[in-house]
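Each chain, written out:
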Amino acid sequence: MKVLYLIQTHKNPEQIYRLIKTIKKLATTSYILVCHNFTYSNLDVAPLQTLPEVKVISSKRELGDFSIIQEYLEVISWLLSQNIEFDWLINLTGQDYPTQPLSQLEKFLLETQYDGFLEYFEAFSDLEPKNWRGREGRDRYLYNYWRLYRYLPRWQRALIKLPRIFINNTQPFVRIKLSYGLMVGVRTPSSPFNEKFLCYAGSYFHILSRKCIQYLDNFSKHHPNLISYYSNKYVPDESLIQSILVNSKLFNLCNDNMRYINWGNTEYDGPRILTVKDYPVLSKDDVYFARKLDMSYDSEILDMLDARIF
């Protein structure tokens, strides 16, 4: 059995090297494909060229818009066209890290009856997860968004906060988002969602079997209208994959992506950076990866995880 790791990165080169080398030590037969955005930081590929089955390609994606899921779809299409061998695909960022020996994960995947592990829920349901505030699903996937400014400093976000809340809460036609710069959304006249094709959402991070990946690739190529619909939505990477796979009813999907992510007490929708205080939770048997970690903020937690996984 072979696991392919798709790692989408843009900063902290030292931490990226550490993650890749850790995976290769723990899973020697794995294939690692790194999509790095060199606009944000330079990544010297020379240290990685000595590692077997590690490939680095340049990325132009931006957070919050369609580019991240577009890159994903292009990558899986390339992997399949090149007949790259893999049984499972696991997507990560440079701020993720294993929490258990990967041999245990491989054994689990070899024996499981599931076809995929991903978080999913009905995006337009009133029973949204706690990190999704009321009507978040409708605001994301029933509006077309344009990014007016790529980055807003804290004082500008604070200045716009009250007008944003007023606009978003007093009318149904326009929405303003600030998590990934200044983005303005306008209500779409129609959508592809109905009783037979529900809008699902959840974390972008997942573990999917090859047959799920093949279905995603085939479906996206034969349903360009759906791909086009998602092309100007807000954070479409947290809905498109779920909507395609769950609506198909072809796969035995586990509603758990096997990650630990802490959304408590964070600003602008991002997960909290994990520290040594989180280690007791990270050492649980049903958690295989953690995010997000930052060596410059707390490197000791990575050392503790290394002691566990090696």
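Scroll up for the structure.
K.L.:
I'd like to hear about the overall build of the protein, residue by residue, with values.
P.N.:
Helix and strand content of the protein: 11 helices and 15 strands. In summary, the protein has a C-alpha radius of gyration of 19 Å against a globular reference of 19 Å for 310 residues, a match within 12%. For the protein, the C-alpha atoms occupy an extent of roughly 55 × 45 × 35 Å along the three principal directions. Every one of the 310 residues in the protein was classed for burial, and the buried ones make up 54%.

K.L.:
Account for the pattern of salt bridges, with residues named and values stated.
P.N.:
Applying the stated criterion across every chain yields a total of 16 salt bridges. When the shortest N-O distance is used, the salt bridge between Arg 140 and Glu 136 registers 2.8 Å. Highlighted residues: Arg 140 and Glu 136, both in helix 5 (residues 136-141), separated by 4 residues, approximately one helical turn. Note that Asp 217 is salt-bridged to Lys 221, the shortest N-O span being 3.2 Å. Note that Asp 217 and Lys 221 are positioned in helix 7 (residues 210-222) at a spacing of 4 residues, about one turn of the helix.

K.L.:
Break down the packing of helix 7 against helix 9 (residues 240-248) for me, citing the residues and quoting the values.
P.N.:
As a packed pair, helix 7 and helix 9 sit with axes 10 Å apart at the nearest point and diverge in direction by 105°. It follows that helix 7 is roughly perpendicular to helix 9 by the angle criterion. For the pair helix 7 and helix 9, the contacting residues are Cys 212, Tyr 215, Leu 216 and Phe 219 in the first and Ile 241, Ile 244, Leu 245 and Ser 248 in the second. The residue makeup of the contact of helix 7 with helix 9, split by class, is 7 nonpolar, 1 polar and no charged.

K.L.:
Describe in detail the side chain of Asn 144, supporting the description with residues and values.
P.N.:
Tracing the sequence through the fold places Asn 144 in strand 8 (residues 143-149). Its relative accessible area of 18% is what places Asn 144 among the buried residues. Reaching out from Asn 144, the side chain makes a polar contact with the side chain of Lys 233 at a distance of 2.5 Å. The residues touching Asn 144, leaving out its near neighbours within four places in the chain, are Val 184, Gly 185, Val 186, Thr 188, Asn 232 and Lys 233.

K.L.:
Residue-level account of the sheet that holds strand 6 (residues 116-118), with values.
P.N.:
Pairing is mixed across the open sheet formed by 7 strands, whose spatial order is 3-2-1-4-12-6-13. Single-partner strands in this sheet number two, and they are strand 3 (54-58) and strand 13 (253-254). Here strand 4 (residues 88-93) pairs with strand 12 (residues 206-209) via 3 bridges, running antiparallel. Across the sheet, residue Leu 89 finds its bridge partner in strand 12, namely Leu 208.

K.L.:
Just give me the short version of the packing of helix 1 (residues 13-26) against helix 11 (residues 300-309), but keep the residues and values in it.
P.N.:
Look at helix 1 against helix 11: their axes get within 12 Å of each other, and the N-to-C directions meet at 5°. As summarised for this structure, helix 1 and helix 11 are arranged roughly parallel, according to the angle between their axes. Facing Arg 18, Thr 22 and Leu 26 of helix 1, the residues of helix 11 in contact are Leu 302, Asp 303, Asp 306 and Ile 309. The class makeup of the residues in the contact of helix 1 with helix 11 is 3 nonpolar, 1 polar and 3 charged.

K.L.:
Explain the sheet that holds strand 9 (residues 174-177) residue by residue, including any values.
P.N.:
Across a sheet, strands are paired by hydrogen bonds formed along the backbone, either parallel or antiparallel in direction. In spatial order, the strands read 8-10-9; together these 3 strands make up an open sheet with antiparallel pairing. A strand with exactly one partner marks an edge of an open sheet, and here the two such strands are strand 8 and strand 9. Averaged over all neighbouring strand pairs, the angle between strand axes comes to 25°, with direction disregarded. Sheet topology note: the strand 8/strand 10 (residues 182-187) ladder contains 6 bridges and is antiparallel. Directly across from Asn 144, in strand 10, lies its bridge partner Val 186.

K.L.:
Could you give me a rundown of a nonpolar patch on the surface, with the residues and numbers involved?
P.N.:
A grouping of Trp 146, Leu 148, Tyr 149 and Val 186 is seen on the molecular surface, where their side chains present a nonpolar patch of about 440 Å² in accessible area. The dominant element in the nonpolar patch, judged by the number of residues it contributes, is strand 8, at 3 residues. Along the chain, Leu 148 turns up in strand 8.

K.L.:
A description of unusual backbone geometry should follow, citing residues and the corresponding values.
P.N.:
Trans peptide bonds make up the majority, and among non-glycine residues the majority have a negative phi. The step from Arg 291 to Lys 292 runs through a cis peptide bond, and the omega angle for that step is 5°. As for its position among the elements, Lys 292 is in the loop between strand 15 (289-290) and helix 11. One non-glycine residue, Glu 53, adopts positive backbone phi at about 55°. Inspection of the secondary structure puts Glu 53 in the loop between helix 2 (46-49) and strand 3. Judged by relative accessible area, which is 38%, Glu 53 ranks as partly exposed. Of note, Lys 249 is a non-glycine position whose phi angle comes to about 60°, a positive value. Position of Lys 249 relative to the elements: it lies in the loop between helix 9 and strand 13. Judged by its relative accessible area of 68%, Lys 249 is exposed.

Definitions and limits used
Residues numbered from 1 in each chain as written. Predicted model: local features only at pLDDT ≥ 70, side-chain atom pairs only at ≥ 80, totals over all residues. Heavy atoms only, no water. Helix = DSSP H or I, 4+ residues; strand = E, 2+ residues; numbered from the N terminus. Rg over C-alpha atoms; globule rule 2.2 N^0.38 Å. Buried < 20%, exposed > 50% of the residue type's maximum accessible area, 1.4 Å probe, protein only. Salt bridge = Lys/Arg side-chain N within 4 Å of Asp/Glu carboxyl O. Axes fitted to C-alpha atoms, helices over the stretch in contact; angles between N-to-C directions. Parallel < 35°, antiparallel > 145°, perpendicular 65-115°, else oblique. Contact = heavy atoms within 4.5 Å. Nonpolar A, V, L, I, M, F, W, Y, C, P; charged D, E, K, R; others polar. Polar contact = N/O pair within 3.5 Å; in protein donor to acceptor, adjacent residues only side chain to side chain. Pairing = 2+ DSSP bridges. Patch = residues over 30% accessible without salt bridge, like charges linked within 9 Å, V, L, I, M, F, W, Y side chains within 5 Å. Areas by Shrake-Rupley, 256 points an atom, 1.4 Å probe, with all protein chains shown as cover.

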